[in-house]
Amino acid sequence: MTMSAEIKVRRQSSRKRSRDRRISHLTPARKRTSASGRQCPDNTGQIDDPEDLFGDYDSIVSDSSFLAKLDRVGQNMRQHDIDHTTSSRCPVILLAGNPDFTSLKSSTDNCPKQSCDDSMTESFLEGFTDDAFLDMPSSQLAFLQDPQTADRNCCTDEDKTSMPMRHPEKSVSTEERNERHIAPKARKSVSDHLKRAMMANAATPSSVSRTAVQKEAVVTEEISVAMQAMESVSMATTDLGPFFGLPTKVKELICNLKGIKDLYEWQKTCLNLDSVQQRRNLIYSLPTSGGKTLVAEILILKELLCRKKDALFILPYVSLVQEKVRGLASFGLELDFMVEEYAGSKGRFPPVKGRGKRSLYIATIEKAHGLVNSLIETNRLDNVGLVVVDELHMLGDGSRGAIIEMTLAKVLYISKSTQIIGMSATLGNLQDIQKFLKAESYTNDFRPVELKEYVKLKDSIYEVDPKEEECFRFSRVLNFKYSSAMQKIDQDHIVALVTEVIPSQSCLVFCPTKKNCENVAGMICKYLKEDFIQHKQAEKAVLLGELRSSGNGCLCPVLKKTVPYGLAYHHSGLTSEERKLVEEAYSAGVLCLLTCTSTLAAGINLPARRVILRSPYVAADFLKRSQYKQMVGRAGRAGIDTHGESILILQDKDKVLKLVSAPMEICKSNLMHSDGKGVLSLILSVIGLNITNSLEQIRDFMSGTLLSVQEKQVCLERSLWEVTQECVELLKEKGELLSNSPELVLISFLLPYKEIVHSNPFKSLDLTYCDLLYRDLSKGLESLMLNSFLHLIYLVTPYDMVSQCKPDWMVYFRQFTLLSAAEQKMCAAVGVSESFVARKAAGQNVKKNVDQVVVSRLYLALVLQSLLKETDLWSVADRFQLSRGLIQTLLSSSSVFCSCVLHFTEELEEFWPFKALLTELTRRLTYCVQAELIPLMEVAGVMERRAKQLYNAGYKTLAHLANADPNVLAKTVENLFKKQANQIVASAKMLLNEKADALQEEMDDLLMMPLDLLSL
Ligand SMILES: Nc1ncnc2c1ncn2[C@@H]1O[C@H](COP(=O)(O)OP(=O)(O)OP(=O)(O)O)[C@@H](O)[C@H]1O
Ligand SMILES: [Mg+2]
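Residues numbered from 1 in each chain as written. Chains lettered and ligands numbered in written order. Predicted model: local features only at pLDDT ≥ 70, side-chain atom pairs only at ≥ 80, totals over all residues. Heavy atoms only, no water.

The chain is annotated in an unreviewed UniProt entry as Helicase, POLQ like from Oncorhynchus kisutch. Listed under Catalytic activity (unreviewed entry) in UniProt, the entry text for the chain is "ATP + H2O = ADP + phosphate + H(+)". (UniProt positions renumbered as here; feature names shortened; annotations may be inferred.)

Written as C-alpha cells, this is what we have:
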C-alpha cells in the first residue's frame, strides 16, 4: 500500500440502502424528526452524560402521529368534498393538532385579545392564527373575552393594535377564495392545502402596529449598517454599531429578558478585540461567574443577524442545553432566528433547512459531533459561521474530550471560514489549545463578586493567600457550642459552619459521595432549631406537595425530613423532575441549603453565599485543582452578595497546598484514550465522511488535532504517524480492506461502523460495541424469542450502562424465578442460567466462566421489562434496590439506544426482520408516560409533572402552549412563575415553527420536479 493510495468507500447497494434513500420522501419525517416526549433526565453523572451516551435519533412516534394527523386531515377534507362544504380553515391549525375543520368557529367569534403593555408577549404571538384559540383552555378564553380586560388591553383599531394572530379570512388569497367555490371535485392534496395556506399566511399583511413596524424598520436598518460596517472592517475599527454591531433592540432584550443593563468592562473590551471583529478564532478565559456566556451570546447574535450564518453553541450537559434553549427562544422569536435543541433524544440529522431563517443549534458535546458530521455529509458545514464551545477545558475530559476534539478538528479542516470561540475558567495550558484552534486568547481576572477562600482545620479558619509563606493566614476560631454527643456525630462542625449563614443566606455543601449528601443533609436537620421550620413554611409545603406529585404520590423519605428545614440533597439519584424542583426552590430562596456532589458545580448556575467542601475528595479520588476551582466558584451571587466565601474542611494542611495554590492542571488530548480508540474512530469517520481519500490526507488531517500539538506528551511509545498507520492497518484487517489492492476499499462490514460513527455520536469512540451489537443481533436472528419482550429489551439495553449498576443477587434470583419458562430459556441462551444466579444469590463462588457484561446487562433488561409493565419508577426502584435517578437514566438511554439499533438494522439488509419490532419497542421505551403528555413534554424543560399540570389546565397540545398568554398561564397553573411561563410559551412557539419548517421542507422535496424528468 502506498502512502498516496486512494481510500475508497464502496457502498454495496445490495446490502445497504443508499444515504439518499434514507432520507427518501416515503419516510422523511420518521427519519428526521426528533424523538422526544420522554424528558431527558438532567445529567449529573460523574463524568459522562449518561443521557447522551447513546442519545440520537429522531422520533418515530412523534412523526407518525403527525402523519396520522395529516391522514385525519386528509379524511376530513375528503369528507368536506362529499359534503360540498366550503370551509376555509387556515391549515396552520393542523399544527395545532385540531384537524377537525368543520368544528371550528368563525374567526370573528374569537378574535384574541391581548395585553398591549406586554410587548414581548405581543410579538411572540405574531404569526399564529387565532384558530388555535378555538380550543384554548377556558382560562385563556375567559381572559381573552373578559370585556374589561379587552377594554383595557385591546384596541379595536388595527392600526394601533398589535393583534397576535392573522384573521383567517385575511390570510386567504383571492385565488384560494375562488378555488373554494370551484367544484369540490377539484380536490387538492393535503400538502397542496398546506402549501397554499402557508403561502397565503406568508403573503398576508400582518396586523402589527405602526410602532412595531417602525421598530422593525429600525432593526433592519441597524442590521444593514452593521453588515456594511463588518464588510468594510479595518484593523482600527472598533465601533461597529449601536450595540457591538447589533441593533439596539438586542440591548433592550438583554435588559428585559436577562435583567442585564450594562456590560462589564472586560466584556466590552473583549467584544471590541481585533480578533473578534475580524472573526479570528478566540479562547477567552475568566474566573467562574465572570459573565463569559453573555459575550458568547452577543457574538452568536452577530453571526445570526449580521452575517446571516448559522451558529452552533456546545454545552456540556443536557440540563444546560435545555436552560439555554429556554432562555434564547425568546431572542429567536424577537429577532427571527430558529433555536434548535440538540440534547438527549432531541435534534435532527441533518438539520432542517431554515428557509431563509438562520438557526442557532444548542447542543451537548455528543450531539454537536453528530450535527457537524451530518452537515459535512450534506455539504452544509459552511453555513455554520460560528462554533462556540463552553467549558473548553472539557477537551481534557476522557472520551467526551475526544469527541470535542474530533468535532473541532473537522470544523477546522473543512470549513476555514467558520469561526471557533472557546471559553473556560480553568485552562492550564492555554497555549496548546490556542495552537490547536489557531486561536488568539483573552484572559482577565474579573469576578463580579469577590471570592474569599478559606480552609478549616480543627476549630480554626484560615484564609487562603498564596502570598503568605504557607499559603494560609489565620482568620478566626470557629464559634460553636457542641454537646459531646454532637461533637461525635458532627466532628467537622458542619452545623456550626452552615448556621452562620442559613436560613437568610444560601449555602452549598459539596460531599464526596451521593450517600454522604443524604446523610449530611439529615444530620444537619437533626441539630437545627425549630425556627428553621417556620421560615418560608408555606412555600416549603408547596414544594413537598410538588415533589410528592412528581413521584405519583411517593415522596423521598430523606427529602420529606429535610425540606421542612429548608434543606435538600442534590445528586443523580434524584429523578430529573425532583432535581428541577429542588433547583428552582433553591434559586427562589425556599430552600437555603443543598448538599450536593461535584457535578452540581459544572452543571447548573446555582450560586451560594457560602460554599463548603466537606472533604478534598470526589469519591475516593483527591480533588483536582480545576474541580476545586469549579466548586468554590459557586460562591457569591452576583447582584445579591457583596462577597462569597468558600470553606474547605481539612484534616491535614499539607496535602492541600497544591489544591489551593498550584497552577491549573493541563488539558491533554484524549484521542489516545482507551488504547487509541479515539484515533481509530476518527480515521474511520474521516474516511466515511469522505473528508480524506488517501493516507497522505489522513496524515494531513491528523496534523490538525490537539493530539498532534501534544504529540510528545501524549504519544509516548510511537509517533502519531505510526499510530495513524497502525490504525489504518487495523481497519484494513477488521473491515477486510483489500490490502493487496492499490486502493483501500472499505467493504460493507465496516459500513455499520461508519453509519454509527457519523450517525450516532455516542458510538463514535467505542467500535467494540459495534462488533458486539452485530454479533448479538446476528444471534438474535437465529433464536429471537418473541413471546415476551425480554429478549428484544435485552438487545437494546445499552452496553455502557452495565458499569453503572451491580446486580443485587437476591433480587436477581427472585426476579429470575418469576420469569416464564420460555424467558428462562432465553436467558440461558444468552449465557445466564438459573443455577448460576441461584449460586450467586446463595453467596457461593461460581467457577464457571460467565460473561459479567451479559449477566449485568440481563439484569438491567429485567429492570426495563418491569418498568415497561408497570411504568412506576418508584416501585421498580424499590424492587431492584436502585436509585430512581439511575432507573430513569436507564430508561431514557435505552430508548435512545433502541432507536440507534433500529437505525443500525435498517442499514443492513440481513437485519430487516428487526425493523418492525424495534420501531414499536422504541415507541414503548420513549414514551413510558401517558401518551397525551408527549406533545407537551417536547417543549424544552417541560417534564412529566408540569406537563400533567398544563394538560389538566386545558393546554393539551403544543399549539395550546404556543398560543397561550404567559400571564394567564402563570395565573392558572399552580406554582408557575411568570418568567417560566414566558419561557414555556416562547419555547413552544419555537418548536412549532421548527415543526412547520420540517413539514415545509418535506413538502418542497415532494413538489420538486425531478431533475432528470426532461431527459426521459
Ligand atoms: N454585565 C453583566 N451584568 C450583570 N450580570 C451579569 C453580566 N454579565 C453576566 N451576568 C450574570 O452573571 C452570572 C454569571 O455569568 P456566567 O454564567 O456567564 O458566568 P461564567 O463566566 O460562564 O461562569 P462559569 O465559569 O461559572 O460558567 C449570570 O447570572 C449572568 O446573568
Ligand atoms: Mg459559564
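**Structural notes on the overall build of the chain**
For the chain, the helix and strand inventory stands at 50 helices and 19 strands. When contacts within the chain are restricted to residue pairs at least 6 apart in sequence, long-range pairs at least 24 apart make up 75% of them. As presented, the chain carries roughly 40600 Å² of accessible surface, and 51% of it is formed by carbon and sulfur atoms. (Helix = DSSP H or I, 4+ residues; strand = E, 2+ residues; numbered from the N terminus. Contact = heavy atoms within 4.5 Å. Areas by Shrake-Rupley, 256 points an atom, 1.4 Å probe, with all protein chains shown as cover.)

**Points about the packing of helix H18 (residues 365–377) against helix H19 (residues 398–414)**
Relative orientation of the contacting elements H18 and H19 amounts to 25 degrees, with a least axis distance of 9 Å. What the angle tells us is that H18 and H19 run roughly parallel. Here the hand of the crossing between H18 and H19 comes out left-handed. Contacts between H18 and H19 involve Ile365, Glu366, Ala368, His369, Val372, Asn373 and Ile376 on the former and, on the latter, Arg400, Ile403, Ile404, Met406, Thr407, Lys410, Val411 and Ile414. When the residues that make up the contact of H18 with H19 are grouped by side-chain class, the tally is 9 nonpolar, 3 polar and 3 charged. (Axes fitted to C-alpha atoms, helices over the stretch in contact; angles between N-to-C directions. Parallel < 35°, antiparallel > 145°, perpendicular 65-115°, else oblique. Left-handed = near helix turned anticlockwise from the far one by under 90°. Nonpolar A, V, L, I, M, F, W, Y, C, P; charged D, E, K, R; others polar.)

**Considerations on helix H47 (residues 944–952)**
Buried residues of H47: Glu944, Arg945, Arg946, Ala947, Gln949 and Leu950, and no others. In this fold, the buried residues of H47 make contact with helix H25 (537–550), helix H27 (576–587), helix H46 (934–937), helix H48 (958–963), helix H49 (966–972) and helix H50 (978–1007). At the exit of H47 stands Gly954, carrying a positive phi of roughly 105 degrees. (Buried < 20%, exposed > 50% of the residue type's maximum accessible area, 1.4 Å probe, protein only.)

**Structural notes on a nonpolar patch on the surface**
On the surface, Met1009, Leu1013, Leu1014 and Leu1016 cluster together to form a nonpolar patch covering roughly 500 Å² of accessible area. Tracing the chain through its elements places Leu1016 in the segment after H50. (Patch = residues over 30% accessible without salt bridge, like charges linked within 9 Å, V, L, I, M, F, W, Y side chains within 5 Å. Salt bridge = Lys/Arg side-chain N within 4 Å of Asp/Glu carboxyl O.)

**A word on unusual backbone geometry**
Note the cis peptide between Ile502 and Pro503, where omega equals 5 degrees. The topology assignment puts Pro503 in the loop between helix H22 (494–499) and strand E12 (507–510). Backbone geometry at Asn379 places phi at a positive 60 degrees, although glycine is not the residue there. Within the fold, Asn379 resides in the loop between H18 and strand E6 (384–389).

**Here we look at helix H45 (residues 914–926)**
Across its 13 residues, H45 extends 17 Å between first and last C-alpha, which sits within 8% of the 18 Å expected from 1.5 Å per residue. Within H45, burial applies to Phe914, Leu918, Thr919, Leu921, Thr922, Leu925 and Thr926. (Expected span 1.5 Å × (residues − 1).)

**Digging into the pairing of strand E13 (residues 567–570)**
Every second residue of E13 is oriented toward a common face, with Leu567 and Tyr569 on one face and Ala568 and His570 on the other, all of them buried. In terms of strand pairing, E13 meets strand E14 (residues 593–596) through 4 bridges, oriented parallel. Looking at E14, one finds that Leu567 is bridged to Leu593. Note on the crossover from E13 through H27 to E14: the handedness is right-handed. (Pairing = 2+ DSSP bridges. Right-handed = clockwise from strand over helix to strand, strands pointing away.)

**Quick word on the pairing of strand E5 (residues 358–364)**
Counted residue by residue, E5 has 6 buried out of 7 residues, so it is predominantly covered. The pairing of strand E3 (residues 310–315) with E5 spans 5 bridges and is classified as parallel. What sits directly across from Leu312, in E5, is Tyr361.

**Observations concerning the sheet that holds E14**
Here we have 8 strands laid out as an open sheet, ordered E11-E10-E9-E18-E15-E12-E14-E13, and mixed in their pairing. Across the chains shown, the open sheet's two edge strands, defined by having one partner strand only, are strand E11 (472–477) and E13. Neighbour-to-neighbour, the strand axes of this sheet turn through a mean angle of 25 degrees, independent of strand direction. Summarising the sheet, strand E10 (residues 460–464) and E11 pair through 5 bridges and their orientation is antiparallel.

**As for the sheet that holds E3**
Across a sheet, paired strands are connected by hydrogen bonds in the backbone, their directions being either parallel or antiparallel. The 7 strands lie next to each other as E4-E5-E3-E6-E7-E2-E8, forming an open sheet whose pairing is parallel. Two strands in the sheet have a free side with no partner beyond their single neighbour: strand E4 (337–342) and strand E8 (440–443). In this sheet, neighbouring strand axes are inclined to one another by 15 degrees on average, regardless of whether the strands run parallel or antiparallel. Two strands pair when backbone bridges link them, and strand E2 (residues 282–285) and strand E7 (residues 419–424) are joined in this way by 4 bridges, in the parallel orientation. Within E7, the position partnered with Ile283 by the bridge is Gly422. Helix-sheet contacts for helix H17 (residues 318–335) involve E3, E4 and E5, and the interaxial angle to E4 is about 170 degrees.

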